[in-house]
Amino acid sequence: MKNNILYNKLIIGGLVLLFVIYNFVVYNNAAFIQEHKLSDAAIQGQQLWQDNNCTACHQFYGLGGYLGPDLTNIASDSIKTDAYVKAMINLGKNAMPKYNFSEKELQEFLAFFKAVDQTGYFPNKAATTEKTGWVKLKIKNTTDDQ
Ligand code: HEC
């Protein structure tokens, strides 16, 4: 009986140890840890985005409010230049409120939009669904699909 308890403790201890090793190996490899390097300006832009609740009307990747357009790829839109974006923010139009940001803050918005833009495409028109149901997405800045 006493041996049994010792045996159980060993098994449980062994399993806990395995769990720890497993987690270390799985979550500590380079493929799992993704580095996101946002510039200081982009971080400030994100803060402005949150403080002013722009997401009440705008979406990134289709998530957000729906009064205004999705802004995921506005930075790479050749028609919507930086000047256009800045003017839209500080002049407003229809339901888009007129803000009064400084040039520095407008640049921070632009840096933030650029950082968001680099993360991918929305809508992802190049996505294909395989027979297995696996969706292959086209990812920006990489050569391999995921
Ligand atoms: C009350 C809702 C609302 C809020 C809040 C809002 N927007 Fe807008 N925004 C709009 C609408 C609506 C439009 C489209 C205006 C039009 O073209 O008629 C727009 C357009 C834009 C555009 C141009 C998009 C394009 O594709 O032409 C940008 C950039 C933009 N907003 C940025 C912002 C930022 C940055 C904030 C936060 C500081 C913000 N918006 C807050 C409603 C809003």
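It should be emphasised that the depicted structure is a prediction, and the values quoted were computed from it without experimental measurement.

### Focus on the overall build of the protein chain
Item 1. When you go through the protein chain residue by residue, the secondary structure sums to four helices and four strands.
Item 2. Counting from the amino terminus, helix and strand elements in the protein chain follow one another as α-α-β-β-α-α-β-β.
Item 3. Here the C-alpha atoms of the protein chain give a radius of gyration of 24 Å, more than 25% beyond the 15 Å that 2.2 N^0.38 yields for 146 residues.
Item 4. Burial status across the protein chain gives 12% buried among its 146 residues.
Item 5. In the protein chain, once contacts between residues fewer than 6 apart in sequence are set aside, the share between residues at least 24 apart is 42%.

### Details of the site of the ligand
Item 1. Residues in contact with the ligand amount to 21 residues; listed here are only the nearest, Cys-54, Cys-57, Gly-68, Ala-95 and Met-96.
Item 2. The leading source of residues in the shell around the ligand is helix H3 (residues 82-91), at three residues.
Item 3. For the shell around the ligand, the per-class residue count stands at 15 nonpolar, four polar and two charged.

### So, the packing of H3 against helix H4 (residues 103-117)
Item 1. Following both chains from N to C, one finds H3 and H4 inclined at 120 degrees, their axes separated by 10 Å at the closest point. As summarised for this structure, H3 and H4 are arranged oblique, according to the angle between their axes. Relative to H4, the crossing made by H3 is right-handed. Contacts between H3 and H4 involve Asp-82, Val-85, Lys-86, Ile-89 and Asn-90 on the former and, on the latter, Leu-106, Phe-109, Leu-110 and Phe-113.
Item 2. Broken down by class, the residue content of the contact of H3 with H4 amounts to six nonpolar, one polar and two charged.

### Observations concerning the domain arrangement of the protein chain
Item 1. Segmenting the protein chain into domains produces domain 1 (2-33) and domain 2 (40-117).
Item 2. When each unit is reduced to the centre of its C-alpha atoms, the spacing between domain 1 and domain 2 is 47 Å.

### What about the nonpolar core?
Item 1. Counting ten residues, the largest nonpolar core consists of Ala-42, Phe-60, Leu-71, Ile-74, Ile-89, Phe-109, Ala-111, Phe-112, Phe-113 and Val-116.
Item 2. The element that contributes the greatest number of residues to this core is H4, accounting for five residues.
Item 3. In contact with Phe-109, other than residues within four places in its own chain, are Gly-45, Leu-48 and Ile-89.

### Some points on helix H2 (residues 40-51)
Item 1. With twelve residues, H2 should reach 16 Å at 1.5 Å per residue; the first-to-last C-alpha distance of 16 Å fits that figure.
Item 2. One or two steps after H2, the chain reaches Asn-53, where phi turns positive at roughly 50 degrees.

Quick notes on the rules
Residues numbered from 1 in each chain as written. Predicted model: local features only at pLDDT ≥ 70, side-chain atom pairs only at ≥ 80, totals over all residues. Helix = DSSP H or I, 4+ residues; strand = E, 2+ residues; numbered from the N terminus. Rg over C-alpha atoms; globule rule 2.2 N^0.38 Å. Buried ≥ 20, exposed ≤ 12 C-beta atoms within 10 Å, placed from the backbone. Contact = placed C-beta atoms within 7 Å. Near = placed C-beta within 6 Å. Nonpolar A, V, L, I, M, F, W, Y, C, P; charged D, E, K, R; others polar. Axes fitted to C-alpha atoms, helices over the stretch in contact; angles between N-to-C directions. Parallel < 35°, antiparallel > 145°, perpendicular 65-115°, else oblique. Left-handed = near helix turned anticlockwise from the far one by under 90°. Domains from an automatic or database assignment. Core = buried A, V, L, I, M, F, W, Y, C linked by C-beta atoms within 7 Å. Expected span 1.5 Å × (residues − 1).

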